[in-house]
Amino acid sequence: MTAASLPASTQVVVVGAGFAGLAAARELVRHGHDVVVLEGRDRVGGRSSTATLAGVPVDLGGTFVGPTQDAVLELARELGCQTVPTYSRGKNLIRWRGRVRSYRSTIPRLSILELLDVSRIQWRFDRVARRVPVDEPWRAPNAAELDGQSLDQWLRSVRASAGTRDLMAIMARVTWGCEPDAVSMLHAVRYVKAAGGLDRMLDVEGGAQQDRFPGGTQQIAVKMAAELGSRVVLGAPVRGIERQADGTLTVTCDRGRVDARAVIVAIPPEHRAAITFVPDLPPEYGKLAAHWPQGSLSKAYAAYETPFWRADGYSGEALSDEGPVFITFDVSPSDDGPGILLGFTDARTFDPLPPGQRRERALAGFATLFGEAALDPIDYLDHCWGAEEFAPGGPTAAVPPGSWTAYGQWLRRPVDGIYWAGTETADRWTGFLDGAIRSGRRAAEEVHRQLTA
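Residues numbered from 1 in each chain as written. Predicted model: local features only at pLDDT ≥ 70, side-chain atom pairs only at ≥ 80, totals over all residues. Heavy atoms only, no water.

S.K.: Please clarify how the layout of surface pockets should be interpreted in this entry.
M.R.: Over the atoms, a rolled probe matching the size of one water molecule traces out where space is still vacant. Empty space within the second largest pocket amounts to approximately 240 Å³. The element contributing the most residues to the lining of the second largest pocket is helix H3 (residues 112-129), with 3 residues. (1 Å grid on protein atoms, 1.4 Å probe; cavity = no way out; pocket = protein on both sides within 12 Å on 5 of 7 lines; lining within 4 Å. Points joined across faces, edges and corners; volume = space filled by probe spheres on them. Helix = DSSP H or I, 4+ residues; strand = E, 2+ residues; numbered from the N terminus.)

Next up, the structure:
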């Protein structure tokens, strides 16, 4: 990886050195093509970024992996990146209506009526999802109806209880970084179906949070970039893509210009709007970028001498109906310590606070769940993705009502040698690291077919 000058020309330019862009470049090199990857940040990994807390790697972005996420798991094995099970032994906790209670399994221990309602809504949600094709959701028989309402409106239309709506709000915050009233019902069912269902998406054991990488997820991107070597150029935000009369594409970035026969844009749909296309793309592409916004999610980590909650029989998993911390996990390296709690926080109330207040509020949230010992960490770290200067937002797109039926068919449709990747364009595990890798490989195959036609 380097910030050196660009070659005058190459076969393919990949915009973005996240998992999608690096996976695309890797496939193209395997096919024998010349590739240059342009990354605006001073690092690779995109929405995967690994920091250190109390000497232990922790993920500021994408963290977990699980069964059926074969693309990322096979790539990790190939690159020598090991996984460990997410700690889940013991009782889970939930702060609910002013009380803290323990429970086991995915669904918290609520009243019988609340549990029945959660099961009823999950059954209805799954029933709706059966009729939605993941690859072309706008072709669902009732696509207009589903896309015309938010997840919250649908929940109210089927008379979900307040407790069920609050649990679905926690799911929406951690999944899309938004409230249920901001995301299309069509997007919600399509997204969940692409993950294999609600249980697969939300569970730890047997689900998307089953395992994690003790060395962090960013190591996968770093190792991919190391293989690509000088083909990866950092500090090179792309400003423009110009299509020439002879079919050449000229890509302009802060490091210079490079001509190519094809370009893969592997960044979130919203951030495509930061690139000037000459001549203009068909108007639907610009409208898609304007109507496919990123959600906003933040994380807080606290490290302790030992994972003291384990001694009390708790798993470290917790939910809360009060902010700013609304879901937690134990990502400690061992029983001996350090003990590390990961908390997802509500960006709306968390991000505007100064660092000291963020720390105070996050630790108070941990203490409400795990006791006063949580107020005295040996180390603390948080990260607000929505406050980043370059390419802000995460964890994925929070697609609002009306967007899929109006603009969805242009999400990844190539135009004049320009191809689209990124986890938002995936048909399996959309929004996850696995989906990002799948999308990059799919775009690479599309380009390979063009170049060898």
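S.K.: It is not clear to me how the pattern of salt bridges should be interpreted in this structure. Could you clarify?
M.R.: Charged atoms that come close allow side chains of opposite charge to pair. Taken as a whole and assessed by the stated rule, the structure comprises 24 salt bridges. A salt bridge links Glu227 to Arg26; its shortest N-O distance comes to 2.6 Å. Of this pair, Glu227 sits in helix H9 (residues 218-228) while Arg26 sits in helix H1 (residues 19-30), and the two are 201 residues apart along the sequence. The partly exposed category is assigned to Glu227, whose relative accessible area is 45%. As a salt-bridge pair, Glu388 and Arg41 come within 3.1 Å of each other at their nearest N and O atoms. A residue pair is termed long-range when its members are at least 10 positions apart, and Glu388 in the loop between strand E20 (379-384) and helix H14 (403-407) and Arg41 in the loop between strand E2 (35-38) and strand E3 (50-53) qualify at 347 residues. With a relative accessible area of 19%, Glu388 lands in the buried category. The buried category is assigned to Arg41, whose relative accessible area is 12%. Among the charged side chains, a network of salt bridges with common partners joins Arg26, Glu27, Arg30, Glu78 and Glu227. (Salt bridge = Lys/Arg side-chain N within 4 Å of Asp/Glu carboxyl O. Buried < 20%, exposed > 50% of the residue type's maximum accessible area, 1.4 Å probe, protein only.)

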